[in-house]
Amino acid sequence: MRVVVVGTGHVGLLTAATLSAIGHDVVGMDEDEEKIEGLTKGISPFFEPGLSELIDKGTTAGTLRFDVAPEAVGGAEVLFICVGTPARVSGEANLVAIERSARAIARHLSGPIVVVEKSTVPAGTAQRLWRVLTLERPDLADEIEVVSNPEFLREGQAVEDSFRPGRILVGARSERGFDGMRRLYGPLIESGARLIETDIATAELAKHASNAFLAMKISYANALARLCERANADVTAVADVMGSDPRIGRAFLDAGLGWGGYCFPKDLQAFERLAARLGYDFPLLREVERINDEAIVAAVEKVKDALWNLEDKRIALLGLSFKPGTDDVRLSPALALARKLIDEGAEVVGYDPEAGANAKSDLPELVVAPGVYDALEGAHCIVVCTEWDEFRSLDLDRAKELLAHPIIVDGRNLFEPAEVRGRGFVYYGTGRASDPGMH
Ligand code: UGA
């Protein structure tokens, strides 16, 4: 099928590259000329394992190309809208980019088309989108079908998720919409992907509900962590016990510095605002957010417990991205922690296998080290912020020699407490009994 994807951010680019790989003729469109120029040369604007290769494959085969001109939508059978829906100050999703791109492309549409709302949006947006498109193009009112097809990709595993999706969710109001999407995703469905078909509002709401629920699981684990620290219990073991019950499941029960990234924070707020707009107060969502903020405060308290005053102290942060496998630092808990430590007067040096440059441009006061051992030199304390595999194999003896004080605050429970303590470190875990030597 001839497909156009508007917006080449994480979601759009993955969508475009995957659809071209499964046999469609795809154009990725973006108003950012520099980005399009880079993509045309095969340069991905962000790091995502396997994505560059996928783009390369598509552009070489001629099934994937990139364009800035809205005229490129002419002749499209399926048009994806994958533009950003950032949070407004109020927390509400800002849908201006969706409306703008709909208006920009409307006059170039020709013939029957399925317009797919892929960006995460509040329930009711598809209806608005249809209205904008058909107001601009009343002649195509019977030809434009708007469907909701939320994505569930995880950054860092997005290529794998694209080819083996847990489910493909499609919300539509007519057989024509469902049929278009069945044909589009045919190869993935044939290879076992589960297709779930619902009405449009259900699909839109299910996406927000899923992200908010996952964030709630993590916050639950983080609240348990605070409790375990006070009770000398181990939150990881508690999560293992809970997770062994299939009704609960072990995933997303890892306590730590909390959730960040471009999706959970904005989606949780947008979901809460949507509920309020619909007349339903949903304080549980605010509590999920409060517990998440508390996780950073708890880590700062541990650093202060270990170092007393933070002025004249150098603190090494291991990991700056919001999670491993990505260079994305948007709303990264690591940077939130760095800001608090800098505000308290500490010198903060960070290292990340991929996200150093992005972290530096987000937080210029942060010193970014070129290698993990460079970050440790002269530091009074290590804080593990992101559980990159590289840190699991850290040479602890070498680290100890480089550090001013052998102290680890483990914000992701990456290390075995007995092992690091055995090598002479003072160890603060998350939701684990505190170091007996310290109190
Ligand atoms: C999330 C969802 O998992 C995807 O299904 C969804 O498609 C995506 O948002 C989106 O809406 O676009 P992502 O933001 O890539 O994906 O990241 P996750 O893997 O969900 O992690 C989110 C945050 O939670 C990270 O900061 C991670 O470190 C943290 N986390 C995760 C924990 O603190 N504990 C856990 O047990 C799991």
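Residues numbered from 1 in each chain as written. Predicted model: local features only at pLDDT ≥ 70, side-chain atom pairs only at ≥ 80, totals over all residues. Heavy atoms only, no water.

Draft legend 1. Here's a closer look at the sheet that holds strand S13 (residues 407-410). Spatially, the 6 strands line up as an open sheet ordered S11-S10-S9-S12-S13-S14, and their pairing is parallel. The outermost strands of the open sheet, each flanked by one partner alone, are strand S11 (367-368) and strand S14 (426-428). Set on the sheet, helix H12 (residues 283-307) makes contact with strand S9 (314-318), strand S12 (381-384), S13 and S14; between it and S13 the angle comes to about 165°. The sheet strands contacting helix H13 (residues 333-343) are S9, strand S10 (347-351) and S12, and the helix crosses S9 at an angle near 175°. (Pairing = 2+ DSSP bridges. Helix = DSSP H or I, 4+ residues; strand = E, 2+ residues; numbered from the N terminus. Contact = heavy atoms within 4.5 Å. Axes fitted to C-alpha atoms, helices over the stretch in contact; angles between N-to-C directions.)

Draft legend 2. Inspection of helix H1 (residues 10-21) at higher detail. Here H1 spans 17 Å end to end across 12 residues, near enough to the 16 Å set by a 1.5 Å rise per residue. Burial of H1 is extensive: 10 of the 12 residues sit out of reach of the surface. For H1, the complete set of buried residues consists of His-10, Gly-12, Leu-13, Leu-14, Thr-15, Ala-16, Ala-17, Thr-18, Leu-19 and Ser-20. One or two residues past the end of H1 sits Gly-23, with phi positive at roughly 110°. (Expected span 1.5 Å × (residues − 1). Buried < 20%, exposed > 50% of the residue type's maximum accessible area, 1.4 Å probe, protein only.)

Draft legend 3. Representation of the packing of aromatic side chains in the model. Inspection of every chain in the model, using the stated rule, returns 5 aromatic pairs. With centroids separated by 6.4 Å and ring planes inclined at 75°, the aromatic side chains of Trp-259 and Phe-264 adopt a geometry described as edge-to-face. The exposure class assigned to Trp-259 is buried, which follows from its relative accessible area of 7%. Aromatic ring contacts, followed pair by pair, group Phe-252, Trp-259 and Phe-264 into a single cluster. One Lys or Arg, Arg-167, reaches over the ring of Phe-152 and ends 3.8 Å from the middle of that ring. (Phe/Tyr/Trp six-rings, centres within 6.5 Å; stacked < 30°, edge-to-face > 60°. Lys NZ or Arg CZ within 6 Å of the ring centre and 35° of its normal.)

Draft legend 4. Representation of the nonpolar core. If you look at the biggest cluster of nonpolar residues, it comprises 34 residues, and the most contacted ones within it are Phe-80 and Met-181. Among the elements that take part in this core, H1 stands out by supplying 5 residues, more than any other. For Phe-80, the residues in contact, after removing those within four places along its chain, are Val-3, Val-4, Val-5, Val-6, Thr-15, Leu-19, Val-116, Lys-118, Asn-149, Met-181, Leu-184 and Tyr-185. One finds Val-303, Cys-381, Val-383 and Tyr-428 within the second-largest nonpolar core, a separate group that totals 30 residues. (Core = buried A, V, L, I, M, F, W, Y, C linked by side-chain atoms within 4.5 Å.)

Draft legend 5. Summary view of the packing of helix H9 (residues 200-231) against H12. Contact geometry of H9 with H12 gives a least axis separation of 9 Å together with a crossing angle of 45°. Of the possible angle classes, the one that applies to H9 and H12 is oblique. For the pair H9 and H12, the sense of crossing is left-handed. In this structure, H9 contributes Ala-212, Ala-215, Met-216, Ser-219, Asn-222, Ala-223, Arg-226 and Glu-229 to the contact, and H12 contributes Leu-284, Leu-285, Val-288, Ile-291, Asn-292, Glu-294, Ala-295, Ala-298 and Lys-302. Of the residues in the contact of H9 with H12, the class split is 10 nonpolar, 3 polar and 4 charged. (Parallel < 35°, antiparallel > 145°, perpendicular 65-115°, else oblique. Left-handed = near helix turned anticlockwise from the far one by under 90°. Nonpolar A, V, L, I, M, F, W, Y, C, P; charged D, E, K, R; others polar.)

Draft legend 6. Broad picture of the environment of Val-170. Structurally, Val-170 is set in strand S7 (residues 168-171). Look at Val-170 and you get buried, because its relative accessible area is 1%. Considered as a pair, Val-170 and Leu-253 are 83 residues apart in the sequence and their alpha carbons are 28 Å apart. Contacts of Val-170, omitting those with residues within four sequence positions, involve Ser-148, Asn-149, Phe-178, Met-181, Leu-195, Ile-196, Glu-197, Thr-198 and Ala-203.

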